[in-house]
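# Overview (structure and organization)
What follows is each chain in one-letter form.
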Amino acid sequence: MTRAALPGSQFPSGNLWKILPLAILLCATFILPAFAQEKDRLWRTLSVSGRGVETIPTTLAQVSLGVEIQGKTAQEVQQEAARRSSAVVAFLKSKNVEKLQTTGIRLNPVYSYTNNVQRITGYAANNTVSFSIPTEQAGALLDDAVKAGATQINGISFVANDEAIAVAQKQALKEATQDAQQQANAVFSALGFKPKEVVSIQVNNATAPPPPMFLRAEAAKLADNSTPVIGGEQQVEASVTLQISY
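What you see is a predicted model, and the numbers here were worked out from it, not measured in a lab.

Reading guide: rules and limits
- Position labels on residues start from 1 in each chain and follow its written sequence.
- This being a predicted model, a pLDDT of at least 70 is required before a residue's local features are given, and a value of 80 or more before pairs of side-chain atoms are given or counted; all residues contribute to the totals for chains, interfaces and linings.
- Side-chain numbers here rest on the full set of heavy atoms in the structure, without hydrogens or water.
- The way it works is that DSSP assigns letters per residue, a run of H or I at least four long becomes a helix, a run of E at least two long becomes a strand, and they are numbered from the N terminus.
- Throughout this description, buried means an accessible area under 20% of the type-specific maximum (1.4 Å probe, protein chains only), exposed means over 50%, and partly exposed covers the range between.
- Reported accessibility uses the Shrake-Rupley method at a 1.4 Å probe radius. Residues are deemed covered only where the shown protein chains occlude them.
- Note: pLDDT gives the predictor's confidence per residue, expressed from 0 to 100.
- Throughout, a contact is declared for two residues whenever any of their heavy atoms are within 4.5 Å.
- The definition of a nonpolar core used throughout is a set of buried Ala, Val, Leu, Ile, Met, Phe, Trp, Tyr and Cys residues joined through side-chain atoms within 4.5 Å.
- A pair of strands is labelled paired if DSSP reports no fewer than 2 bridges between them.

Turning our attention to the overall build of the protein chain. Secondary structure summary: the protein chain contains 5 helices and 8 strands in total. Across the 246 residues that make up the protein chain, the buried fraction comes to 32%. For the protein chain, the accessible area works out to roughly 15900 Å², and carbon and sulfur atoms hold 56% of it.

Written as structure tokens, this is what we have:
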């Protein structure tokens, strides 16, 4: 029985079945070595992580301050807290502070205990805001904020500006990459291997840790003296992992 040739085929149908095994063999001849090379490339790799740290001066103060009012009735203390808070916010806006936002509004009963009996003796309202300002202006502004009606300084932290942080992040990444390469070269040298190529790069992070908060005090205690505010330095860290074949 003679098999019909496929339409458009240049080979007789009888020879097609003789050619197929040869084609499969040639295909396997090329694919298997390539697969073996790829497997060898993946198995013979070194993974190493490098770290970079940049220290930059801080130029901005992040401040949290508030108004706390106590009184007999909830309505009374809430209205007074709102009045003083509005005055403080208006003052801060006049000073063109950055990132001004409300961070808390609270109204709580105040309790007293007599003979193990709890009863409400009044209410306390607390409104807080946060903002950023150049560090050299922070001390005088805090003093004036107290005069405007603030009764609490909840905390202050120091950060670099966004542009300086962005530049530091790039430099930290560069240092982390160089650190990883140096470590890899030391390992290869000790083992007598030669590096070939970087087959994988992972950027783990390039961040500035959140600044620590300092200073919590009753604003009334600071009103009689000029408040000294001194900035510091901030670290920007980065980590890079390289996978290098050999």
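So, on to the confidence of the model for the protein chain. Per-residue confidence for the protein chain gives a mean pLDDT of 84, with 75% of residues at or over 70. In this model residues 215-223 is a low-confidence stretch, pLDDT under 50, and it forms 22 contacts with partners more than four residues away in sequence or in other chains.

With 24 residues, the main nonpolar core has L65, L92 and F131 as its most contacted residues. Broken down by secondary-structure element, the contributors of at least two residues to this core are β2 (60-71), α2 (74-94), β4 (117-134), α3 (135-148) and β5 (152-159). F131 has contacts with A61, Q62, V63, L65, L92, V97, E98, K99, L100 and L141, leaving out every residue within four places of it along the chain. Counting residues in hydrophobic clusters, the runner-up holds 10 residues, among them V48, A180, A184 and L242.

With 9 of its 12 residues buried, β2 lies for the most part within the structure. In this sheet, β4 lies alongside β2 in antiparallel orientation, the contact comprising 12 bridges. Bridge assignment links V63 to a residue of β4, and that residue is F131. Sheet topology places β2 next to β5; 7 bridges connect them, and they run antiparallel. Opposite V63, over in β5, you have I156 as the bridge partner.

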